Each structure stands twice: as structure tokens, then as C-alpha cells.
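Each chain is listed here by its residues.
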Amino acid sequence: MARNHRKNSSTDRKTGESRADARRSHSIRFADSEWKLIEKAAARQGIPAGEFARSGALAAAENRIGAPQPAVLSPGHLALIESTWRMAWVLATLNREQLLDAERKDDLDELVTGGREVMQETMTEGPA
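The rules behind these values
- Residues numbered from 1 in each chain as written.
- Predicted model: local features only at pLDDT ≥ 70, side-chain atom pairs only at ≥ 80, totals over all residues.
- Heavy atoms only, no water.
- Helix = DSSP H or I, 4+ residues; strand = E, 2+ residues; numbered from the N terminus.
- Buried < 20%, exposed > 50% of the residue type's maximum accessible area, 1.4 Å probe, protein only.
- Contact = heavy atoms within 4.5 Å.
- Areas by Shrake-Rupley, 256 points an atom, 1.4 Å probe, with all protein chains shown as cover.
- Patch = residues over 30% accessible without salt bridge, like charges linked within 9 Å, V, L, I, M, F, W, Y side chains within 5 Å.
- Salt bridge = Lys/Arg side-chain N within 4 Å of Asp/Glu carboxyl O.
- Phe/Tyr/Trp six-rings, centres within 6.5 Å; stacked < 30°, edge-to-face > 60°.
- pLDDT = per-residue confidence, 0-100.
- Expected span 1.5 Å × (residues − 1).
- Bend = angle between axes of the 7 residues up to and from the residue.

Engineer: For this particular structure, what's the right way to read the overall build of the protein?
Structural biologist: When its secondary structure is counted, the protein shows five helices and zero strands. Its helices and strands in sequence order give the protein the pattern α-α-α-α-α, from N to C terminus. Per-residue burial over the protein gives 6% buried out of 128 residues. Restricting to contacts in the protein with at least 6 residues of sequence separation, those with at least 24 account for 8%. As displayed, the protein offers around 11900 Å² of accessible surface, 57% of which is attributable to carbon and sulfur atoms.

Written out as C-alpha cells, the structure is:
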């Protein structure tokens, strides 16, 4: 009788979930390589792959997954980056005349444009 009562009940006595909240099967497609990646990550956590995918999707939907923390560079790293850029600038300046004398202005312009694009990309905050 308890079994029949439970079928007709609008809430589950053990969990307090209503029938509307009961879990149902839904379909989602993954490439084999994607699913293998999910299986490996789930195995590291000691849970089934389906549960891993479900909890990740719910965390994202509930905004529990924040944006990655910005990288923090030590003063030493910042100094290294600055000195690298300065050296690149010095080398470019020294070789500029040589490139112009060799009638390679187009090559020089291409290098300068490429350098500016890379610098702009690396100085932009957040994902591209």
C-alpha cells in the first residue's frame, strides 16, 4: 500500500521533491573525443561521466562557475617582459636601416604591422 500511495503522491517523502522536479532523461550529443575527455575528468573526480556533465552544466547555468581569475605576474615577470620588448625594439631599430638599404621596405612594414597586432592581442584584457 505504501508503494501505491507513493505513486499517487505529488511529492517524494524521502527527498521532498515534487514530481515536476523529478529527474528525467534528456539527450545531448558529444563527439567521441569530447566524451572521452569528460570520462577522463569524471574518473579523476571518482564520479560517472553523466553526473560530471550534469553537475558542470548546472554549475554553469546557476553562475557558480566564475570567470577564471586573471593571471598575476610577479614584478620579476613584468621586468622580463618589459626588457624583452625593449630588446625587440632596439633590434628592430638597428635593422631598420639595413632593411631599407636592401630595398625591403615591404618586409619591414609587414614586420611592424605584425608586431603591432601581436602587442594589441597580448595587451587586450579577457578572451578574444
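Engineer: How do you make sense of a nonpolar patch on the surface when you look at a structure like this?
Structural biologist: A surface patch of nonpolar side chains, about 670 Å² in accessible area, is lined by L73, L78, I81, W85, V118, M119 and M123. Relative to the assigned elements, M119 resides in helix α5 (residues 105-123). On the basis of relative accessible area, M119 is assigned to the partly exposed category, the value being 39%.

Engineer: Before we go on, may I ask you to explain the packing of aromatic side chains in this structure?
Structural biologist: Any pair of aromatic rings gets described here by the distance separating the centres and the angle formed by the planes. Per the counting criterion, the structure on display carries one aromatic pair. When the ring of F30 is compared with that of W35, the centres are 5.3 Å apart and the planes differ by 45°; the resulting orientation is tilted. Judged by its relative accessible area of 33%, F30 is partly exposed.

Engineer: Would you take a moment to explain the confidence of the model for the protein for this structure?
Structural biologist: Close inspection of predicted coordinates is inappropriate in any region flagged by low pLDDT. For the protein, the average pLDDT comes to 78, and 77% of its residues sit at 70 or higher. The lowest-confidence element of the protein is helix α1 (residues 2-8), averaging 48 in pLDDT; the highest-confidence one is helix α2 (residues 32-45), averaging 92. Taken together, the stretch residues 1-9 has pLDDT below 50 and engages in seven contacts with residues farther than four places along the chain or on a different chain.

Engineer: Any chance you could explain helix α4 (residues 75-101) here in plain terms?
Structural biologist: Given 3.6 residues per helical turn, the α-helix brings residues three or four places apart onto the same face. Over its 27 residues, α4 extends 40 Å from the first C-alpha to the last, a length consistent with the 39 Å expected when each residue adds 1.5 Å. At N95, α4 shows its strongest bend, of approximately 35°. Of the residues trailing α4, E103 is marked for its positive phi of about 55°.

Engineer: What is the right way to look at the pattern of salt bridges in this model?
Structural biologist: Pairing is possible between side chains of opposite charge, provided their charged atoms come close. With the rule as written, the count across this model stands at five salt bridges. One salt bridge connects R86 with E82, and the closest N-O pair in it is separated by 2.7 Å. With R86 and E82 both in helix α4 and four residues apart, the pair spans about one turn of that helix. R86 sits in the exposed class, given a relative accessible area of 55%. Residue class for E82 comes out partly exposed when judged on its relative accessible area of 42%. Taking the shortest distance from any N to any O, the salt bridge between K105 and D109 comes out at 2.8 Å. You can see K105 and its partner D109 sitting in helix α5, four residues apart, about one turn around the helix. In this structure K105 comes out as partly exposed when scored by relative accessible area, which is 47%.

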